Amino acid sequence: MNDLVLIRKNLFRRKLRAILMMVSILIAFAIFGVLASFERAFNAGQDRATPDRLVVLNKINFTQPLPISYYNRVAAIDGVAQITHFSWFGGYYQEPRNFIAAFAVDPENWMKLRDSDYVFAPEVRAAFIRERTGVLVGARMMEKWGWKVGDHIPISSSIWSQRSGSHAWDFIIVGSFTARIPQADTNVMLMGYDYFNETRSFGKDLINWLALRTTSVAANERVIDAIDGMFANSPYETTTDSEKAFNKAFAAQLGNVALIVELVVGAAFLTILMIVGNTMVMTVRERTREIGVLKTLGFSGGRILRMVLGESILLALLGGLPGLGVALLLITRVRDSLMSFVPTLSLYPDIAAAAVGLMVVFGIITGLVPALNAMRLNIVTALGRS
């Protein structure tokens, strides 16, 4: 009989108590896995942002438009290497509940700017630029709706209407694209701005924001000052910031997700820590005479310490690993329904690795005090206890 067998038998000598502690730890790590994954998904835009990309918005807020004429004026500023523009379509497929993240863009320049995020096949680039009514659809959106290249699809807007009064536009899918980096969202649709602008009944020659890449990060401040200075005191004043700051501000509308994660997970862990820690102290105290017998048989204090810590770590792993499994199951079940809002929702490997590390730390913290007490226990004192 080796130490591992002794650790396992000691852990499950009171099966009900062990199972209850494991369930408590399972719940804590299931909460951690789900909330950490949501936090990562909400901040995916910040993780994807590169320091040399800037966003130009209406100074009032991002829902207010800018004139399309700003596009060429900003492009001419020294230090601007690439630029494109975005217009929010507010789309849905067949029914309003089937939300579609769709944007009207300048096809050629959008693909150039996003080439570091997405993979575009040469024929897809050419087709999107050439086809007036064509749309480019990300791989995840194609998979979600079962579309394929060449399909004709009607996409309606909850905001815009055509001159005919219809809220639906007929598009042809000319190609798809995949993510070059894990944080890039492919649950998105892009359409040509010229076709959208020509057919809509209002808001002609307006866009929502500009996105650009500077020649270098060192040029950012100079470009920002030049853009906002150019349009100061105009009917459409601008505010220019880094792409990361823009994405962070956009996510902040949903609340401080990181703080929520920290508070909820922290509260759950602290509660479970006190419960499990106290239970481990009681468990070791119940085995005082047995520890005395083990020491009489030649078990060293260090070996007793390792066995108690091993028991505590094993308990944390037996509860925590199934907890991660529960988190993965929950995320998988809700991912499709939430794809439009948190498209990169997933239990990433580094989150799982961090959780396993936390399990080990959790086991050490809860088992350290009873392990030290067991190590220091005097044989005479241990055997004298009833």
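Residue positions within a chain follow its written sequence, with the count starting from 1. Local features in a predicted model are, by the rule used here, given only for residues with pLDDT of at least 70; side-chain atom pairs are given and counted only at 80 or more, and totals for whole chains, interfaces and linings are based on all residues. Just so you know, side-chain values use all the structure's heavy atoms and leave hydrogens and water out.

**With respect to the nonpolar core**
In terms of nonpolar packing, the biggest core is built from 42 residues, with I25, F32, V276, I304, V308 and L315 touching the most fellow members. For this core, the secondary-structure elements that each account for two or more residues are α1 (3–11), α2 (15–42), α11 (257–286), α12 (288–296), α13 (301–335) and α14 (349–376). With residues up to four places along the chain from it excluded, the contact list for V308 reads M280, V284, G367, P370, A371 and A374. The set of buried Ala, Val, Leu, Ile, Met, Phe, Trp, Tyr and Cys residues whose side-chain atoms join them within 4.5 Å is what this entry labels a nonpolar core. Residue exposure (1.4 Å probe, protein chains only): buried if accessible area is under 20% of the type maximum, exposed if over 50%, otherwise partly exposed. L66, W160, Y193 and A219 belong to the second-largest nonpolar core, a separate cluster that totals 38 residues. The secondary structure listing takes helices from DSSP runs of H or I that are at least 4 residues long and strands from runs of E that are at least 2 residues long, numbered from the N terminus. A contact between two residues is defined here by any heavy atoms of the two lying within 4.5 Å.

**Quick word on the pattern of salt bridges**
Should the charged atoms of two oppositely charged side chains come close, the side chains can pair. Basic side-chain nitrogens of Lys or Arg form a salt bridge, by our definition, when they fall within 4 Å of a carboxyl oxygen of Asp or Glu. Throughout the structure, instances matching the rule amount to 12 salt bridges. Notably, a salt bridge pairs R125 with D115, separated by 2.4 Å at the nearest N-O pair. Here D115 lies in the loop between α5 (107–113) and β7 (118–119) and R125 lies in helix α6 (residues 122–130), a separation of 10 residues in the sequence. Look at R125 and you get partly exposed, because its relative accessible area is 24%. Between R132 and E198 there is a salt bridge whose closest N-O contact spans 2.5 Å. Remark: E198 occurs in helix α8 (residues 193–199) and R132 occurs in the loop between α6 and β8 (134–138); sequence separation between them is 66 residues. A network of salt bridges, in which partner residues are shared, links R53, R114, D117 and E243.

**Side note on the UniProt feature "transmembrane region" (unreviewed entry) in the protein**
Residues annotated in UniProt with the feature "transmembrane region" (unreviewed entry) correspond here to residues 18–38, 257–281, 313–331 and 351–372. Secondary structure across residues 18–38 divides into 100% helix and 0% strand, with the first and last C-alpha atoms of the span separated by 30 Å. UniProt positions are given in the numbering used here, feature names are shortened, and annotations may be inferred rather than shown by experiment.

**Let's talk about the side chain of D151**
For D151, the position within the fold is in the loop between α7 (139–145) and β9 (152–157). What makes D151 buried here is its relative accessible area of 17%. Polar contacts involving the side chain of D151 include one to the main-chain amide nitrogen of K148, which spans 2.9 Å. Not counting residues within four places of it along the chain, the set of residues in contact with D151 comprises G146, F171, I172 and I173. In protein, a polar contact means a hydrogen-donor-capable atom and an acceptor-capable atom, both N or O and within 3.5 Å, with residues adjacent in sequence counting only if both atoms are side-chain atoms; elsewhere, any N or O pair within 3.5 Å suffices.

**Structural notes on the packing of aromatic side chains**
Pairing of aromatic rings covers Phe, Tyr and Trp, the last counted by its six-membered ring, and requires centre-to-centre distances within 6.5 Å; plane angles under 30 degrees mean stacked, over 60 mean edge-to-face, and any other angle means tilted. What the rule picks out here adds up to 23 aromatic pairs. An angle of 75° between the planes, with centres 5.2 Å apart, marks the rings of F89 and W169 as edge-to-face. Of this pair, F89 sits in the loop between β3 (80–88) and β4 (91–93) while W169 sits in strand β10 (residues 168–179), placing them 80 residues apart in sequence. In this structure, F89 and W169 share a single accessibility class: buried. Measuring from ring centre to ring centre gives 6.4 Å for F89 and F171, while their planes differ by 75°; the resulting arrangement is edge-to-face. Of this pair, F89 sits in the loop between β3 and β4 while F171 sits in strand β10, and the two are 82 residues apart along the sequence. Assigned by exposure class, F89 and F171 land together as buried. In this structure an aromatic cluster arises from ring pairing among F89, W160, W169, F171, Y195, F196 and F202. A positively charged side chain is recorded as over a ring if its NZ (Lys) or CZ (Arg) lies within 6 Å of the ring centre. The angle to the ring normal must also be within 35 degrees. Seen from the ring of W160, R200 lies directly overhead, with NZ or CZ sitting 4.8 Å from the centre. Over the ring of F299 we find R303, and its NZ or CZ is 3.9 Å from the ring centre.

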